[in-house]
Amino acid sequence: MSTRLLGRLVLMCGGSLIAATSVHAQVVVPAPAAADEIPADAPRSEREIIVTGTQIQGAKINDVLPVTVVDEIDIQNIAGASGDDLFRAIPQAGGVAFNEQNDVSQNNARGDVASINLRDLGTGNTLVLINGRRMVLSPGFQTELLVPVVSSDANEIAPGSVRRLEVLRDGASAIYGADAVAGVVNTVLRGNRTGGFIEGEWRGGDGTSLYSTQLNGGYGFDFGGGRGNFTVYGGYFHENGLPSSARPYSADDDRRALVEGTDFEGDTQFNNRNTFGPFGQFDIQAPSSRTPIGDDDFYLQPDSFTGCRLDFGGGVCARNGTTPAPDVRYNRAFGTTLISEKTRYNAAALFSYEFTNSLEAYFEGTYYRSESSRNITPAAILSAVPVGISRNAYWNPFGAVTLPDGTPNPNRLPGTTIAAGGADLIMERYRFVDVGPRTVDVDKDTYRLVAGLRGNFGAWDFDTGFVYSEAKLTDLEGNRVSLTLMQEAINRSTPDAYNPFNGGCVTGDPGEGDCTPNPQSVIDPFLIDVFRTGGTTLALADFKVSNSTLFALPGGDVGIAAGVEWRRETFFDDRDPRLDGTITWTDSVTGVFNESDVAGTSPSPDTSGARQVYSAFAEVFVPLVSEDMDIPLIEALNLQLAGRMEHFADINETAVVPRVAASWTVIPGVTFRGAWSQGFRAPNLVQVNDAGTTRSNTRDDFVICQAQVEKGIIDDLGVCPGAGVISFRSGSDQLAPEDSTSINLGIVLEPRFIPGLTLTADYWRVKQRGLVGTFGDDNAIALDLLRRLAGGSNPNVVRADPTQEEIDLFAGTGLAPAGEILLVNDPYLNLDSRTSKGMDFGLFYNVPDFGIGKFRLRFNAARLDSFVQSAGPDAEELLDGIAAGVLPPEVVVGGLGELLEIEGRPEWRFSGSVNWDTGPVDVSLFASYVGEVWNTSVTRDDPIISDDPNANFYRVGDFLTFNTAIAYTIENNTALDGTRIRFGINNLFDKDPPLADDTYGYLSSLHSPRGRVFRVELRKPF
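Every residue gets a number counted from 1 within its own chain, in the order that chain's sequence is written. At least 70 in pLDDT is required for a residue's local features to be given in this predicted model, at least 80 for side-chain atom pairs to be given and counted, and no such filter applies to totals for whole chains, interfaces and linings, which use all residues. Water and hydrogen atoms were dropped before computing side-chain values, which therefore reflect all heavy atoms in the structure.

Turning next to the pattern of salt bridges. Salt bridges are identified by distance alone: a Lys or Arg side-chain nitrogen within 4 Å of an Asp or Glu carboxyl oxygen. One pass over the full model with this rule turns up 66 salt bridges. A salt bridge links Glu477 to Arg110, with the shortest nitrogen-to-oxygen separation between them at 2.6 Å. Within this pair, whereas Glu477 is found in strand 24 (residues 460-481), its partner Arg110 is found in the loop between helix 3 (83-88) and strand 4 (126-130), the two being separated by 367 residues in sequence. On the basis of relative accessible area, Glu477 is assigned to the buried category, the value being 0%. Strands are runs of DSSP state E lasting at least two residues, helices are runs of H or I lasting at least four, and both sets are numbered from the N terminus onward. Categorising residues by exposure relies on relative accessible area from a 1.4 Å probe, with only protein chains included: less than 20% of the type maximum marks a residue as buried, more than 50% marks it as exposed, and the intermediate range marks it as partly exposed.

Shown next as structure tokens:
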């Protein structure tokens, strides 16, 4: 670290306390519960409440901060089997982009993983802490809006080891640093235990084979005359998994039957069966007049279907064209897994020891392992990477009359005028269904070590610690196909060649399975396993001091805090040699080169990076007015000021951000609160270090199609035939941090005439600028058309020189001739801005005991009012071109404007619970609600006219579920004393997730497919 930077850190820490702000620390205040309200086996520290939001230990700052606390009773009500279940029950949590159903590509974060996304501001905008210090990121990453994003894994947080979740619903970059734009989630582990417990649970899915078992235990004891404590926890969880066939919405890609009786009845957009199946599509490298097909392009189908042009035998025929008819398309859900088989192990050890009354050492060690397995649809080739089939291939129906060994070719079809030497074929669509489903096995190990000292010197409290955490993941996908080995198998001139011309099932449903598989001895030589391994590390050292009674004002004691932090983050992403460019593929027939040798997967380079971050913060809490000052309409007035400086060495960027927060109690029981803060999020390590990733997507070449429109070949750009386009995305160390500004205004009501009741309402708004993203290859192609209409071009769309055929096409159109697209450069850039706003509502009521037992009511609701994405310069140029009528209306720039309720941003979410206990009996009811959203991938066949721009999209329904449970605790003087038996039902009314046009028929980022689940739990303290 340079002398200049060190000086800035020291100055920030020591001299700028008034202008600085930090919202991380933990305040410890006595809990209001009486001793007899605390369970006998509860840890001693259950008598403490730790509030995320300030670094000043002991400061009475609670009312200033909008913090949601999920305590142990709430955790029992949620009855989650994973950390993901806990976070999904928090209404302020947005869509979970990393989830086990997001499995279609090895480029996704797969396995037993779940991301955290407060406010729906995007994965990676939420900082996740354990006992006040950050978690390591999960090794897997995936693209969100075409940009790689990262997240901590919520499933690493085992519900059985959690005492409380604290959610700071406010921008907190000024307090915690990067990743805290949307807020902070702090998980408080259950430490300082005296005694132990063991608990077991069984869960079973109603009407399905799904079940899970879980075993947790813990033990803690004091030593050293009560100065020290050692607590350990351990847990085991296993779930057997569920096939996609178990649910009607996930069993078939053709979901038209599920929308009968609705406005979308018969809508073909609900038929997502895929054009890549065992009935392949091919291109004959010979004039179309040489075969009865009358076209050089054909696809196979059962000969019982209409449109047959040439009999292939075995119940299979050829039909002309490039796109298989819907009836022959493949059901990708066939043979796949809806819920993975998974096993989790977790262990934790927490240690503390007081050397003196003013010095304590502490240690935390945690370990987590997950193992998951599932089946996904068989591999297919990419549309942009077709496979050549030699004229000498044994099964080529248009091959040479004589095989290379001089024997007659038994498979050449009669009735053609193909030359005796035969014709090569290009296989453009094909899925290796006879290979079987791909298997996905993902194993992850994470450990975390924390050691530190805390205490005080005089009136100053201090805390210093070191964290080291590491996560490693292996994603192994089986039943993959090597392009090189597969092409060798297809192009053999002997009967042991692979036959792609025998179709699938010619009777029954042709979209499910393959009734004419190749022999396994033919398949095995080209089967491969493909791996992706990744790892992340976090090393962190910090030193913090605070004084809650620095000096006294008439309103109370002024508190102050300051600190410095250093951290180092690393990641690596190691791809299989057949994906990272080590083992490549060159088509032996066409000579086309591809950096990936894996059928169906674009090449991905190995990537790694490291980052060092230096930061300093300062915070001051100023009680301006107290009730003792007897000022009318100001019972109390408190102010929090904070600031943070953070320097990122890898991108050489420094950010300084402030925060101002205040609370004003007008009269006892009525408090207004508000906060203004600036924030930042540095580009993540993948975005900075990605050396270049290519992806194959189906895109419309608007330039070629516009020429076809001008020539009358097609009617408009809406019927432009898509083609495979290679997009090249790359990172840069020139990316700047994203800036944000947050506002939070709220009211807290605690009416004295209703003891135990608290009502809260908060308004929030976040504006983000310079969001890291890509312009998008489809937008880049549209911009190329716009500029070519004006005589220019978009240099990011790289084209081949036009052929004579293309020159002829463009003649007289007013457009300069353009060749086919070779590549679209789509680098990561600081692009658009976004403004989102909403409201939070809370009700917390501990009903006084009237002799019929204790009632506890909780309600938490989040309303998203608006989510507006503004255009950057290039996107604005496109929008202006559309508005001016220069671009035809078929060109659409997506992802801009008001995105409320668009693909996973519901307007309303809420959760609520009611608990009643009397003596040994405890009864609970928990409700969770997720509002409606628009599914933009489905539009009405017959559009309606409406002021609502989304009215023609499919409406995904809301999702309201209830959990209920009853528990009985044995209270006697036997060995069973304290044993608790609990019986519960999750999703009491067995509600299915609302139908959506998505991979498994529902929005996995919002909803659960588990249905009604029965659970039985047995717990024994000792």
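Strands belonging to one sheet form pairs held by backbone hydrogen bonds; the direction of such a pair is parallel or antiparallel. Note: two strands are recorded as paired if DSSP finds a minimum of 2 bridges between them. Strand order across the open sheet formed by 6 strands is 16-17-15-14-22-21, with antiparallel pairing between neighbours. Strands with a single pairing partner mark the edges of an open sheet, and in this sheet they are strand 16 (310-313) and strand 21 (387-389). Strand-to-strand twist of the sheet, defined as the mean angle between neighbouring strand axes without regard to direction, takes the value 35°. Where strand 16 and strand 17 (residues 316-320) come together, 3 bridges link them in antiparallel fashion. Each bridged residue has a counterpart across the sheet, and for Gly313 the counterpart in strand 17 is Val316. With respect to the sheet, helix 6 (residues 483-490) is in contact with strand 21 and strand 22 (425-429), its orientation differing from that of strand 21 by roughly 20°. Axis geometry follows a simple rule: fit a line to the C-alpha atoms, using only the stretch in contact for helices, then measure angles between N-to-C directions, giving values from 0 to 180 degrees. Note on contacts: a residue pair is in contact if any heavy atoms of the two residues lie within 4.5 Å.

For strand 49 (residues 980-986), the tally of buried residues reaches 5 of 7 residues, placing the bulk of the element in the interior. Bridge count for strand 48 (residues 959-969) against strand 49 is 6 bridges, and the pairing is antiparallel. Residue pairing across strands places Tyr968 opposite Ile981, the latter belonging to strand 49. Inspection of the sheet shows strand 49 paired to strand 50 (residues 1013-1021) by 7 bridges, in the antiparallel sense. By the bridge assignment, Phe983 is partnered in strand 50 with Val1016.

To continue, consider the packing of helix 10 (residues 777-789) against helix 12 (residues 873-883). Between helix 10 and helix 12, the least distance of the axes is 10 Å, while the angle of their chain directions is 55°. Here helix 12 runs oblique to helix 10, going by the angle between their axes. Seen along the crossing, helix 10 lies across helix 12 with a hand that is left-handed. In this structure, helix 10 contributes Asn779, Ala782, Leu783, Leu786 and Arg787 to the contact, and helix 12 contributes Asp874, Glu877, Leu878 and Gly881. Along the lines of polarity and charge, the residues of the contact of helix 10 with helix 12 split into 4 nonpolar, 2 polar and 3 charged. Roughly parallel covers angles under 35 degrees, roughly antiparallel covers those over 145, roughly perpendicular covers 65 to 115, and oblique covers all other angles. Crossing handedness: left-handed means the near helix sits turned counterclockwise from the far one by under a right angle, and right-handed means the same turn made clockwise. Three categories are distinguished: nonpolar for Ala, Val, Leu, Ile, Met, Phe, Trp, Tyr, Cys and Pro, charged for Asp, Glu, Lys and Arg, and polar for the others, with Gly belonging to the last.

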